[in-house]
Every structure is written in structure tokens, then in C-alpha cells.
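The chain contents come next:
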Amino acid sequence: MELRLPKDFFMGAAMSGPQTEGAYRTGGKLENIWDTWSDLSISDFYNKVGSYVGNNFYEKYEEDIKLFKSLGLDSFRTSIQWSRLMDQDQKLNPEGADFYHKVCACAKEQRIELFMNLYHFDMPAYLFRKGGWENREVVEAYATYARTAFREFGKEITYWFTFNEPIVEPDQRYRDGLWYPFIQDAKRGMAVQYHLSLAHCLAVREFQKAKEEGFLLPEAKIGLINCFAPPYTKEDPSPEDLEALRMEDGVKNRWWLDLVAEGRLPKDILETLKDSGLLPDIRPGDEQILAMGRVDWLGFNYYHPSRVQAPREKFDQKGYPKYADAYVWPEAKMNIYRGWEIYPKGIYDFGMKMKEEYPNLKFFISENGMGVEHEDRFRDKEGQIQDDYRIEFVKEHLEWILKAIQDGAKCMGYHYWGLIDNWSWNNAFKNRYGMVEVDLAGNYQRRWKKSAAWIQEVIRAREQEIS
Ligand code: BGP
């Protein structure tokens with residue numbers, strides 16, 4: 001396999017506001033759902049490190065953006081925190097806006113392209129108390145927030161994204177009960193998933209309006225970012241295993257792909273949900289809203305595949321039909337710290353699926369990375385973390401991406417997730433993703449790991465073989 005990063009293949013860093021900024025009560029920032037959970041039960045967070053700290057990006061954004069430049073990166077994605085930009089009356093918070101203006105100005109000065117996402121699992125607490133994504137009023141509030149952001153930063157940002165991983169909150173908070181408010185209810189999860197879909201579409205509508213009215217740059221683009229874990233089942237599947245695969249793929253992947261490529265939700269999945277009593281409340285006029293959901297391009301976060309089989313039990317504890325159980329592939333190579341399978345070929349399989357089924361939709365790898373615990377073990381005599389495992393991980397994924405491009409996938413670039421160590425939700429700083437270390441005991445000082453120099457070389461050698 002010949003390995004050349006095409007000249008126009010961009011490389012960048014992915015991060016998010018709630019995982020990096022810290023300063024959780026500075027500049028009029030409101031409480032968000034992570035602050036609420038941290039206040040309620042701090043021992044749910046690894047080493048009792050709640051949502052308050054991030055990696056101090058609020059203070060260090062200039063240093064970080066310069067660091068991206070020194071690595072040779074072209075772009076960097078973060079998110080605006082809804083709870084920082086807007087006040088409780090859904091009006092702009094000027095102090096919050098000021099911070100993001102400064103980030104935009106710095107990126108411009110460093111000639112780093114900013115990719116700005118509007119939502120990364122960070123619902124403002126006052127809206128969560130109104131029912132969060134279960135309440136359509138909150139969907140409207142999100143559209144107001146998106147409109148405000150487009151108009152405020154329209155001349156400073158070219159690349160916009162409505163959501164990061166809209167599948168995660170329905171799963172983690174409402175179906176699997178792993179994140180606050182710990183609900184295990186497939187019906188409520190479906191309502192949340194549906195409302196997030198409508199919210200995405202309303203934001204795209206606001207984007208188009210803002211563009212028509214001259215608030216945005218003419219070349220501005222809108223996208224959606226999701227984790228499309230390519231689904232697999234057993235090698236010799238039963239019809240029930242194949243049905244589990246259809247539903248897993250349908251609810252987690254095709255749902256969003258059909259929405260952003262075709263402006264509708266997959267009919268076969270809606271039918272199955274109807275038969276199962278899980279159909280969300282679809283109201284007159286919603287079809288027109290969904291039709292607005294088409295985007296310019298897509299972000300594909302890839303960490304691991306999803307392997308499923310027919311469910312052992314037919315119904316869950318609430319009496320709703322179960323559609324799939326996890327299947328542990330005996331040959332799986334694991335990231336034991338995160339409990340995720342490492343399967344670089346999944347990125348290629350997704351690329352081929354896009355080529356076959358959504359040939360007009362361009363995409364980029366918007367997150368990919370490896371979180372490892374106790375990286376102190378890997379320090380050399382000079383104190384630098386020798387993260388060869390991370391180099392191997394990224395190299396293998398880049399190889400498969402390049403093969404996908406050679407075979408016709410429209411993959412435009414790659415963003416490494418957590419380029420600088422950041423706060424991983426309730427895992428806090430347990431698993432470190434960074435190519436750059438953050439010293440929590442030393443004023444959040446940044447220090448290159450071995451992989452930082454490696455990626456710098458890879459970028460320098462674009463159009464040459466990766467060694
Ligand atoms: C993605 C999220 C990121 C990031 C990453 C790594 O799903 O978009 O926010 O956290 O996963 O996962 P984790 O931090 O849980 O290890």
C-alpha cells in the first residue's frame with residue numbers, strides 16, 4: 001500500500017469547549033448539565049475531577065493555537081458553549097461572545113482554519129430543568145442560539161457544525177443510563193434522538209437564512225459530526241443477527257446519514273419503531289423541517305466498530321422490544337484502558353459505504369485518537385512520554401484512510417482528537433489522548449509527547465511516504 005498524504009488533505013486538531021475551557025463560572029457562563037452532575041455527585045468523576053477545569057484553554061488559547069501552528073496543522077475544531085454564549089433570557093452574553101471573538105482572531109492571525117461546532121453534549125442547566133431534549137421548546141431555544149451564533153461570528157468562521165455526535169446523548173443519558181440523568185427508557189431515548197434531529201435541521205435553516213441575509217461568508221459551510229461506528233455481526237449470521245445489524249445501522253448511522261444527505265429519516269426504521277411502540281411524536285410540518293437537514297459535508301468520528309448480534313432477551317425491562325446485543329469478536333484487539341476495540345479497517349469500510357450509498361457527500365475524519373491511562377510509565381530520561389502506541393494507532397488509521405481515498409472515498413482531511421490532553425467527561429483525566437501532555441499539578445503546562453514530533457514530520461512530508 002503506497003502511503004502519501006495528498007497535498008490538499010488537511011490535518012488538524014479536534015477539541016470541545018466543555019472539555020477544555022474551564023473557567024466554568026467566569027464571564028457570565030451559566031451552569032450546564034456537566035456542572036449540575038458534578039455538583040450533585042462529584043464521586044462519579046474519576047479522581048473527583050468535575051466539569052470545572054478543562055485544560056485551561058480559556059487562559060491558554062493563544063499558546064494552544066500557536067502550538068497547532070508549530071506542529072504544521074491546518075485547522076482546529078472546538079465548540080462554542082451554549083451556556084457561555086447565551087444568557088437565561090436567550091440573549092447574547094457579551095462577555096462570552098468576547099472570548100470566542102478572541103479565539104477567532106487568534107486563529108486568523110496564526111492562519112489556522114477554525115471549525116466551529118455549536119453543541120458538544122453541553123445543555124445549559126436551566127433548559128435541562130425544562131425537560132432538555134425531551135421538550136420541543138428546547139429545540140426552539142437551540143435554533144435561537146444557532147441564529148445568534150451565525151450572526152455574531154458569521155464573518156469570522158467559515159466552517160460550522162450543528163452537533164457533535166447527536167447519537168451519544170440519547171444513548172448515554174436516556175437509553176443506557178450511563179450519564180446523568182441516568183434514564184433507561186428506549187422510548188424517551190427515541191424522543192431525544194428525534195428532537196436532536198429537528199434541532200439540527202432548524203439550525204441548518206438558520207444557517208441558510210443567515211447566508212441569504214449576508215451575515216455569513218459566501219464560502220461558509222455547514223456540517224454535522226457523528227460517530228458512525230461501522231456495524232458488523234458474526235461471520236456466519238442468523239437472520240436474527242442480520243436483523244440486529246439492520247436496526248443498529250439504521251438507528252445509529254443511516255438515521256443521520258439519510259437526514260443530512262437526503263433530508264429525511266429512514267422509512268424502514270420508522271416502521272419498525274412504530275411496530276415496537278417506540279415511534280417519536282412526529283407532528284404535522286415536521287417533514288418540511290427534516291427536509292432542511294441537508295448539509296455541505298460530514299464529520300466522521302471514528303474510534304471503534306460496533307459488533308452486534310440478535311438480542312438474547314426479546315424485551316427490555318420496560319417492555320420495549322430489544323433490537324440488538326453487543327457481540328464480542330474473539331479476535332478483537334482492544335484498547336484496554338478505554339475498553340474500545342481498535343479496528344483501523346473500520347474507517348475504510350465506512351469510506352466505501354459512503355462511496356456506494358452517499359456518493360455526493362464529502363466527509364473528513366473529525367475525531368480519531370487513543371486514550372491511555374498512567375502515561376507516566378512511558379517517560380524517558382528527559383521526561384518526555386514515549387507514546388509509540390499512539391503513533392502506531394494513528395499511522396494505521398491514516399493508512400486505511402489513504403487506501404479509502406485511493407479507492408474513491410471523498411475524505412478531505414483528518415483531525416486528531418484530544419491533541420492536547422483534555423477532560424474526558426466522567427473519566428476526567430483518566431485516559432489521556434494528547435500528543436501534547438497537560439501537567440495538572442504544574443499549572444496546566446503543555447509538553448510535547450513523542451507523537452507530537454511524529455505528526456509534525458508526517459505533515460511536513462505530505463506527498464511523501466509516511467515512515
Ligand atoms: C467522542 C467525543 C469526545 C471525546 C471522545 C473520546 O465520543 O466526541 O468528546 O471525549 O469521544 O471519548 P472519551 O473522552 O469518553 O474517552
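These lines cover the structure that appears in this document, whether it is placed above or below. Since the model is a prediction, treat every value here as computed from it, not as a measurement.

Considerations on the overall build of the protein
Within the protein, the secondary structure is distributed over 15 helices and 15 strands. Relative to a compact globule of 467 residues, whose C-alpha radius of gyration would be 23 Å, the protein shows 21 Å and is just as compact. Across its three principal axes, the protein shows a C-alpha extent of roughly 60 × 55 × 45 Å. Within the protein, the proportion of its 467 residues that are buried is 61%. Looking at the protein alone, contacts between residues at least 24 apart form 76% of all its contacts between residues at least 6 apart. One way to put it: in the protein the 63 positive side-chain charges average out to a point 1 Å from where the 75 negative ones average out.

Some details on the packing of helix 14 (residues 388-406) against helix 15 (residues 450-460)
Helix-helix packing is described using two parameters, namely the angle between the two axes and the distance between the axes. Remark: helix 14 packs on helix 15, axes separated minimally by 8 Å, with the N-to-C direction vectors making an angle of 30°. In terms of orientation, helix 14 and helix 15 fall into the roughly parallel class. Our pair here, helix 14 against helix 15, has a crossing hand that is right-handed. In this structure, helix 14 contributes Asp388, Arg390, Ile391, Val394, Lys395 and Leu398 to the contact, and helix 15 contributes Lys450, Ser451, Trp454, Ile455 and Val458. In terms of residue class, the contact of helix 14 with helix 15 is built from six nonpolar, one polar and four charged.

Overview of the sheet that holds strand 6 (residues 231-232)
Think of a sheet as strands paired side by side through backbone hydrogen bonds, with each pair either parallel or antiparallel. Taken together, three strands build an open sheet; the order of strands is 6-8-9 and the sheet is mixed. Sheet topology places strand 6 and strand 9 (325-326) at the edges, where each strand pairs with a single neighbour. Contacting strand 6 and strand 8 (306-309), helix 10 (residues 239-262) runs over the sheet at an angle of about 140° to strand 8.

Brief notes about the nonpolar core
Within the largest apolar cluster, 147 residues are counted, with the highest numbers of intra-cluster contacts made by Phe68, Trp82, Trp133, Tyr142, Trp160, Leu398 and Leu419. Residue contributions to this core peak at 13 residues, all from helix 9 (residues 186-212). Excluding its chain neighbours within four sequence positions, the residues that come into contact with Leu419 are Ala13, Ala14, Leu67, Phe68, Leu71, Leu73, Gly434, Met435 and Val436. Residues Phe10, Ile225, Trp297 and Phe364 belong to the second largest nonpolar core, which totals six residues.

A short note on the pairing of strand 15 (residues 445-448)
Across four bridges, strand 14 (residues 436-439) lies against strand 15 in antiparallel orientation. Bridge assignment links Val436 to a residue of strand 15, and that residue is Trp448. Counted along the chain from strand 14 to the antiparallel partner strand 15, the turn is five residues long, and its residue Asn443 has a positive phi close to 60°.

A closer look at helix 11 (residues 267-275)
When helix 11 is considered as a whole, its buried residues turn out to be Ile269, Leu270, Thr272 and Leu273. For helix 11, the angular spread of the buried residues around the axis is 160°, confining them to a single face. For helix 11, exposure combined with an orientation more than 90 degrees from the buried face picks out Lys267, Lys274 and Asp275. Those residues of helix 11 that are buried lie in contact with helix 9 and helix 10. Residue Gly277 follows helix 11 closely and has a positive phi angle near 75°.

Reading guide: rules and limits
Residues numbered from 1 in each chain as written. Predicted model: local features only at pLDDT ≥ 70, side-chain atom pairs only at ≥ 80, totals over all residues. Heavy atoms only, no water. Helix = DSSP H or I, 4+ residues; strand = E, 2+ residues; numbered from the N terminus. Rg over C-alpha atoms; globule rule 2.2 N^0.38 Å. Buried < 20%, exposed > 50% of the residue type's maximum accessible area, 1.4 Å probe, protein only. Contact = heavy atoms within 4.5 Å. Lys, Arg positive; Asp, Glu negative; His and termini not counted. Charge placed at Lys NZ, Arg CZ, Asp CG, Glu CD. Axes fitted to C-alpha atoms, helices over the stretch in contact; angles between N-to-C directions. Parallel < 35°, antiparallel > 145°, perpendicular 65-115°, else oblique. Left-handed = near helix turned anticlockwise from the far one by under 90°. Nonpolar A, V, L, I, M, F, W, Y, C, P; charged D, E, K, R; others polar. Pairing = 2+ DSSP bridges. Core = buried A, V, L, I, M, F, W, Y, C linked by side-chain atoms within 4.5 Å. Arc of directions from axis to C-beta.

The analysis is restricted to geometry; functional conclusions fall outside its scope.
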